[in-house]
Amino acid sequence: MKNVAVLIHSDAGQEARLQAALDLVRALHGHLIAIDVTAMPPIAEDPMIGPGNLAAHIAEELDVQDDNRARVTARLTMEDAPWTLAECMGDVASCLASHTALTDLVVINTVFDGFPGGEMDGVVAAMLRLSRPVLAVPCATRGITLSGTALVAWDGSDESDAALRAAVPLLGLAREVRILSIDRGSLKHPPELAASYLSRHGIRPEVMVVPAEPGRIGQQILAQALKIEPAMIVMGGFGHSRLIETLFGGVTRDLLHHSPYPVFLAQ
């Protein structure tokens, strides 16, 4: 895991994701790919908006992003991490998809606060469909402590298997790894199997099996996380279709919308 991409845009979450990406690059001795996205305003899709208003909104966004790009590049020049910059105009999912073909991890936020037209769930789903692991960080965080505790949310699914394998380079940096299984009596693969897998990578995790309670599994994972205060939560993303996740909610949405900790996702 050497190539870390991060979304660059002047919104409320930029500092959180940029600092986390820099922490990752330094810890992994990797390379930062800063993807500067000039977002098309939502009105661009509204046929009732005249071309004059649309042009004014686009011009304003371009000015804001030019200033932001100058600030970010000046800062990166002072950081002790190698980096390159790519520029793109459009929606965030398409821009990230077109510039992350050879990246190992994409850093975004758990929510896009102030991002024009930004919908975080759709961006995460798009990245996972393209086999791009994601680290989603809350806007309030400042960096990520990779030497802290990592919590793996394990449900025995193919998605959790993919997330565990993808996260091995990061789990290897953690002081402590805990595998949390909310037991509903229907695990495809037990957490002990995941522990054995990690042990062959030199990682000795603790297995935590908690009986399931009535209610949403995501909320139960968060309740356990609040007791542990992990540096990062690792989990499989969107185990059900996005339609089901949207209509009925799901673990992925619960964690992204409510976790105070960075969430590592793969599928």
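Cut-offs applied
Residues numbered from 1 in each chain as written. Predicted model: local features only at pLDDT ≥ 70, side-chain atom pairs only at ≥ 80, totals over all residues. Heavy atoms only, no water. Helix = DSSP H or I, 4+ residues; strand = E, 2+ residues; numbered from the N terminus. Buried < 20%, exposed > 50% of the residue type's maximum accessible area, 1.4 Å probe, protein only. Contact = heavy atoms within 4.5 Å. Areas by Shrake-Rupley, 256 points an atom, 1.4 Å probe, with all protein chains shown as cover. Pairing = 2+ DSSP bridges. Axes fitted to C-alpha atoms, helices over the stretch in contact; angles between N-to-C directions. Parallel < 35°, antiparallel > 145°, perpendicular 65-115°, else oblique. Left-handed = near helix turned anticlockwise from the far one by under 90°. Nonpolar A, V, L, I, M, F, W, Y, C, P; charged D, E, K, R; others polar. Right-handed = clockwise from strand over helix to strand, strands pointing away.

Caption draft 1: Focus on the overall build of the protein chain. Looking only at helices and strands, one finds nine helices and ten strands in the protein chain. The proportion of buried residues among the 267 residues of the protein chain is 52%. Counted over contacts in the protein chain with a minimum sequence separation of 6, partners at least 24 positions apart contribute 79%. Summed over all atoms, the accessible surface of the protein chain reaches about 11900 Å², with 54% contributed by carbon and sulfur.

Caption draft 2: Quick look at the sheet that holds strand 1 (residues 3–8). The strand order across the open sheet built from ten strands is 3-2-1-4-5-10-9-6-7-8, with neighbouring strands paired in mixed fashion. In the strand order of this sheet, the two ends are held by strand 3 (83–90) and strand 8 (206–211), each with one partner. Put simply, the sheet's adjacent strands are angled 25 degrees from each other on average, direction ignored. Most of the contacts of helix 1 (residues 14–28) go to strand 1, to which it runs at about 170 degrees, and overall it touches strand 1, strand 2 (31–39), strand 4 (105–109) and strand 5 (134–137). Sheet strands touched by helix 3 (residues 92–99): strand 1, strand 2, strand 3 and strand 4. Its angle to strand 3, the strand with the most contacts, is close to 140 degrees.

Caption draft 3: Representation of the environment of R165 within the structure. Within the secondary structure layout, R165 lies in helix 5 (residues 158–171). Using a relative accessible area of 42% as the deciding quantity, one classes R165 as partly exposed. With 101 residues separating them along the chain, R165 and A266 place their C-alpha atoms 9.1 Å apart.

Caption draft 4: Layout of the packing of helix 4 (residues 120–129) against helix 9 (residues 251–258). In contact at an axis separation of 11 Å, helix 4 and helix 9 are set at 125 degrees when each is read in the N-to-C sense. When the axes of helix 4 and helix 9 are compared, the pair comes out oblique. Both helix 4 and helix 9 take part in a crossing whose hand is right-handed. Here M120, D121 and V124 of helix 4 come into contact with helix 9, specifically with R253, L256 and H257. Looking at the contact of helix 4 with helix 9 residue by residue, the class counts come to three nonpolar, one polar and two charged.

Caption draft 5: The environment of P138, seen in detail. Here P138 shows up in the loop between strand 5 and strand 6 (149–153). Between the C-alpha atom of P138 and that of P260, which follows or precedes it by 122 residues, the distance is 6.1 Å. Dropping the residues within four chain positions of it, P138 is found in contact with A16, N109, T110, S259, P260, Y261 and P262.

Caption draft 6: The pairing of strand 1, seen in detail. Buried residues dominate strand 1, accounting for five of its six residues. Note: strand 1 against strand 2, six bridges, orientation parallel. Across the sheet, the residue bridging to I8 is D36, located in strand 2. With helix 1 bridging strand 1 and its parallel neighbour strand 2, the resulting β-α-β unit is right-handed.

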